[in-house]
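# Structure at a glance
In case you want the letters, here they are:
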Amino acid sequence: MANTAEFRTCPDTGLLFHKPAETLMKLNAVAGIVFLLVGGVIGLLMILTRWPTVHLLQADMFYMLLTAHGVGVLIFWIIFFEIAVLYFASSTLLRSRLATPRWAWLGFALMVIGSITTMVAIFQGRSSVMMTSYVPMSAEPHFYLGLILFAVGALIGCFVFLGTLVIARAERTYGEGSIPLVTFGALTACIIAIFTIASGAIILIPTFLWKIGIINYIDPLMYRIIWWGMGHSSQQINVSAHIAVWYLIAGVVFGAKPLSEKVSRMAFLLYILFLQLASAHHLLGDPGLSSEWKIFNTSYAMYLAVLASMIHGLTVPGSIEAAQRKRGFNKGLFEWLRKAPWGNPTFSGMFLSLIIFGFLGGITGVVMGTEQLNLIMHNTLYVPGHFHATVVGGTTLAFMALTYWLVPVLFQRDVVLPGLAKWQPYLFGFGMIGFTLFMMGAGTLGVPRRHWDISFANALFQYQYPEVAYLMLGLMAISGILAIVGGGLFVLQIVASVLVGRRRGEVKSAIPIIAEPVAAGVHGIGIGGISVPGTLVLALVFLTTFILYYFVNWKYLSQVWGLA
Amino acid sequence: MSSLLPPAERIWWKEPIESVELFWVAIALVWAIVMFIMMPYWHVYGKQNLSNEAYRTSTELYGKKVQAMVDQYTVRKETARDMPVVHPPAGADVYLLGRLWEWYPILELEKDKTYRLHLSSMDWQHGFSLQPENINVQVIPGYEMVIKITPNKSGEYTIVCNEYCGIGHHAMTGRIYVK
């Protein structure tokens, strides 16, 4: 056992923090939020440029900043924060010392150096290649080098996490049984992260060597296949991590326990087994890959992962419903939900994240990942509409919700202006709902993504998108601005809380910030033998929406030119 | 025990599964299978599928094929750039290329006739996005994709580039007429 002086017990939650791990969690979370701020500000500029009425930036600036936006938030914000989550789920939840803090520091340093290097490359203006950097278009060498360094740093973080699991097991810090479900989810994220980083290394290292003249050719199709092994898998890290966070918040706010450990853990396992190849759905419109390959990879791989997400979509709210019912909110279908703490940003953020990820991000992802349906969506604004619903409405909002809880627990400060915090998730969440819906709406009308001027002012051939597409873009922009205000509020509030929030003492506060775990079992709750009827109704509403929307898109497809 | 703590039952994998969960897993699985079946089903009964026909090519070779077609079937020239308008016979191989920053040449097709449309890029990756139909495929240098197309409505169509290809990307458009 490590020196006990290196540990701190949180007076409110009883969680045991290993001080070196605590410092690293704080630093990773702060670095992440810095990139969230940068990405958010650029996001505002993107919105104001793609809003045809405003059309703020010049083309070169737009493409440069769009590259910075994608890399800054989709990679740097998310992964910095995820490293913090990994350390929390291992060291803190398992009450263990962190493995090799020095290596963890090295990993963090590499991530900082790498992220700054790539951002500098982008802002120098000659690496406006978008996050995907499809060859044969090329960026400056340090664009790739920064990403490689960042990936190595993140990989070290993953191994520190795994090492911590080994130490905790060997030192019996959490008893004799299995690791908690939240840690299990984090482990899933970590395993996928290792696969992701390996794919990234396999493609970015040769691309770097190609750029500096050592390799003379990178096949563009091969690049796409392997790059998406990183590009999409990295989003699966997010999914696993934010679902672990949903379970964490359900546990923290309600003392919820999973309906059954087996089902929730199996669902995480499905992610590991089936998500990686799902990146094939980025290649459905590519030449040289057969339909058999596309169908196999997009269904076998993706649908079992989709199944996993649908399971979590039931078990997370189901665990909340069961906990609420056991606390006495057992009337009717939805008393448990009505009496939930909607003014607590940790809960409201988490629940909105669940809804947005499922209804907007999940359904649209599956539809777009259908071999033929992809034809009417590929590379339109539908694509960023979809992934803003998953990564911003889903992952980012879940992480924001968690952060509101972490400020008192990890940073030992009170959140400043708690009245504002009540509104933040709604502003951000509903802003994102509008933003993603209108963006996808414009996409179904054919408006392209990553495009500076859909009025084609200087083009040889003119095309006028329907008026309703312009309306959609305007509404998208207004909703997006709401979300940006919500995001800005979050950053300001967290930074202010961490810097000047009232310090919490070493005594337990009057208002509990973690719920007592509820008793096991689901006996005596629910209606007519169904323990979580409200959740089941919500799940069936979801399934109905899914089925209707899926077949509506086949209908759209059937009307376009014959293709064979 | 909550999700933050180790499972209460050490042998958790032997706990019974909640019946709601079993029910949901079963219908979700059925739905996943339906979605899987839709794709092969559409290959057999649907009219909008990508072919599996594609070839490795080079920019020189593909450029020559495009030029040969232009030489054979040009009917007139349009625009300030004097771009040829090509009117190939029904069933013909039609070659379209994407390059920084244009689609070449202009195609003139007939309604309800089928053509073998070849697509490739001369330089970077491009995105073939036919508006207002909204048909979108990826165009990759070194690969020649063949799609059998059957225009089912007459009119003037625009090809937009929807894969980012540098500073002129947003001005990269092309034209297909369907008579």
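This one's a predicted model, so the numbers in the text were calculated from it and none came from an experiment. (Residues numbered from 1 in each chain as written. Chains lettered and ligands numbered in written order. Predicted model: local features only at pLDDT ≥ 70, side-chain atom pairs only at ≥ 80, totals over all residues.)

Below, the discussion takes up the overall build of chain A. When helices and strands are counted, chain A shows 15 helices and 3 strands. Once the C-alpha set of chain A is aligned to its principal axes, its extents read approximately 70 × 55 × 45 Å. Out of the 564 residues belonging to chain A, those deemed buried represent 60%. Here the contacts in chain A between residues at least 6 apart in sequence split such that 85% fall between residues at least 24 apart. (Helix = DSSP H or I, 4+ residues; strand = E, 2+ residues; numbered from the N terminus. Buried ≥ 20, exposed ≤ 12 C-beta atoms within 10 Å, placed from the backbone. Contact = placed C-beta atoms within 7 Å.)

The helix and strand tally for chain B stands at 2 helices and 12 strands. The N-to-C order of helical and strand elements in chain B reads α-β-α-β-β-β-β-β-β-β-β-β-β-β. Its C-alpha atoms give chain B a radius of gyration of 24 Å, clearly above 16 Å, the size a compact globule of 179 residues would have. Viewed in the frame of its principal axes, chain B has a C-alpha envelope of about 80 × 40 × 30 Å. Restricting the contact set of chain B to residue pairs at least 6 apart, pairs at least 24 apart contribute 55%. (Rg over C-alpha atoms; globule rule 2.2 N^0.38 Å.)

To continue, consider the interface of chain A and chain B. In this assembly, 89 residues from chain A lie in contact with 77 residues from chain B. Of all the secondary-structure elements, those providing two or more residues to the side of chain A that touches chain B are α2 (59–92), α5 (181–211), α6 (220–231), α7 (233–254), α8 (261–274), α9 (291–326), α15 (533–558) and β3 (562–563) of chain A. Ranked by residues supplied to the side of chain A that touches chain B, first place goes to α9(A) with 11 residues. Tallied by class, the residues present in the side of chain A that touches chain B amount to 54 nonpolar, 24 polar and 11 charged. In terms of strand pairing, β3(A) meets strand β10 (residues 143–150) of chain B through 2 bridges, oriented antiparallel. Directly across from A:Gly562, in β10(B), lies its bridge partner B:Thr150. (Nonpolar A, V, L, I, M, F, W, Y, C, P; charged D, E, K, R; others polar. Pairing = 2+ DSSP bridges.)

All names here are of chain B. What the 7 strands build is an open sheet, ordered β2-β3-β6-β12-β11-β8-β9; its pairing is mixed. In this open sheet, the two strands that pair with only one neighbour each are β2 (74–78) and β9 (135–139). In this sheet, adjacent strand axes meet at a mean angle of 25 degrees when their direction is disregarded. Pairing of β2 with strand β3 (residues 83–86) involves 4 bridges; the strand directions are antiparallel. Looking across to β3, one finds that Arg76 is bridged to Val85. Sheet strands touched by helix α2 (residues 59–73): β2 and β3. Its angle to β3, the strand with the most contacts, is close to 70 degrees. (Axes fitted to C-alpha atoms, helices over the stretch in contact; angles between N-to-C directions.)

A separate point is the pairing of β9(B). Residues and elements named next belong to chain B. Within β9, 5 of the 5 residues are buried, which leaves it mostly tucked inside the rest of the structure. Relative to β9, strand β8 (residues 126–131) runs antiparallel, the two sharing 5 bridges. Within β9, the residue paired with Leu130 across the bridge is Ile135. In sequence, β8 turns back onto β9 through a hairpin of 3 residues, with Asn134 there showing a positive phi of about 65 degrees.

Quick look at the environment of A:Phe254 now. Residue and element names in this part refer to chain A. Note on placement: Phe254 falls in helix α7. Counting along the chain gives 46 residues from Phe254 to Tyr300, while the straight-line C-alpha distance between them is 36 Å. The residues touching Phe254, leaving out its near neighbours within four places in the chain, are Ile320, Ala323, Gln324 and Ala515.

Residue and element names in this part refer to chain B. In terms of strand pairing, strand β1 (residues 54–56) meets β10 through 3 bridges, oriented antiparallel. By the bridge assignment, Arg56 is partnered in β10 with Tyr143. With 5 bridges joining them, strand β7 (residues 115–121) and β10 adopt antiparallel strand pairing. Residue Leu117 lies in a different strand from β10, and its bridge partner there is Ile147.

Let us look at the domain arrangement of chain B. Per the domain assignment, the segments making up chain B are domain 1 (1–49) and domain 2 (54–178). Here the C-alpha centroids of domain 1 of chain B and domain 2 of chain B sit 43 Å apart. (Domains from an automatic or database assignment.)

Let's shift gears to helix α13 (residues 418–444) of chain A. Residues and elements named next belong to chain A. Taking 1.5 Å as the rise per residue, α13 with 27 residues should run 39 Å; its terminal C-alpha atoms sit 40 Å apart, in good agreement. When the local axis directions of α13 are compared, the greatest deviation, roughly 25 degrees, occurs at Gln424, which is followed within four positions by the proline Pro425. Among the residues trailing α13, Gly446 stands out with phi positive, at a value near 95 degrees. (Expected span 1.5 Å × (residues − 1). Bend = angle between axes of the 7 residues up to and from the residue.)

Attention now moves to the nonpolar core. Counting residues in hydrophobic clusters, the biggest one holds 244 residues, and the most contacted among them are A:Tyr87, A:Ala154, A:Ala186, A:Ala244, A:Val245, A:Trp246 and A:Ile249. By residue number, the principal contributor to this core is α2(A), which donates 23 residues. Here this core spans two domains, and each of domain 1 (1–49) and domain 2 (54–178) of chain B adds at least three residues to it. Once residues within four sequence positions are removed from consideration, A:Val245 is found in contact with A:Val85, A:Ala398, A:Phe399 and A:Leu402. (Core = buried A, V, L, I, M, F, W, Y, C linked by C-beta atoms within 7 Å.)

If you trace the backbone, A:Thr380 turns up in the loop between α11 (345–368) and α12 (382–409). On the basis of neighbour count, A:Thr380 is assigned to the buried category, with 27 C-beta atoms found within 10 Å. On a C-alpha basis, the gap between A:Thr380 and A:Glu506 in space is 53 Å, while along the polypeptide they are 126 residues apart. Dropping the residues within four chain positions of it, A:Thr380 is found in contact with A:Gly443, A:Gly446, A:Val447, A:Pro448, A:Arg449, B:Asn136 and B:Asn162.

Once that is clear, we can look at the confidence of the model for chain B. Confidence along chain B averages 95 in pLDDT terms, with 99% of residues attaining 70 or more. Taken together, the chains of this predicted complex give a pTM of 0.96 and an interface ipTM of 0.96. (pLDDT = per-residue confidence, 0-100.)

Time to look at the packing of α15(A) against helix α1 (residues 19–45) of chain B. Where α15(A) contacts α1(B), the two axes come as close as 12 Å, and the packing angle between them is 5 degrees. In terms of orientation, α15(A) lies roughly parallel with respect to α1(B). Together, A:Leu536, A:Ala539, A:Leu543 and A:Tyr550 of α15(A) and B:Val20, B:Trp24, B:Ile27, B:Trp31 and B:Met35 of α1(B) make up the contact between the two elements. Of the residues that constitute the contact of α15(A) with α1(B), the class distribution is 9 nonpolar, no polar and no charged. (Parallel < 35°, antiparallel > 145°, perpendicular 65-115°, else oblique.)

On to unusual backbone geometry. Following B:Leu100, the chain continues into B:Trp101 via a peptide bond in cis, with omega recorded as -10 degrees. In the segment running from B:Tyr104 into B:Pro105, the intervening peptide bond is cis, with an omega of -10 degrees. Here B:Pro105 lies in the loop between β5 (102–104) and β6 (106–109). Phi is positive for A:Gln412, which is not a glycine, with a value near 55 degrees. Within the secondary structure, A:Gln412 is located in the loop between α12 and α13. Overall, A:Gln412 belongs to the buried group, with 20 C-beta atoms counted inside 10 Å. Non-glycine residue B:Thr79 carries a positive phi angle of around 70 degrees.

Now for the packing of α12(A) against α13(A). Residues and elements named next belong to chain A. It is the contact of α12 with α13, at a shortest axis distance of 7 Å, that shows an interaxial angle of 170 degrees. Classed by the angle they form, the pair α12 and α13 counts as roughly antiparallel. Of the residues contributing to the contact of α12 with α13, the split by class is 17 nonpolar, 8 polar and no charged.

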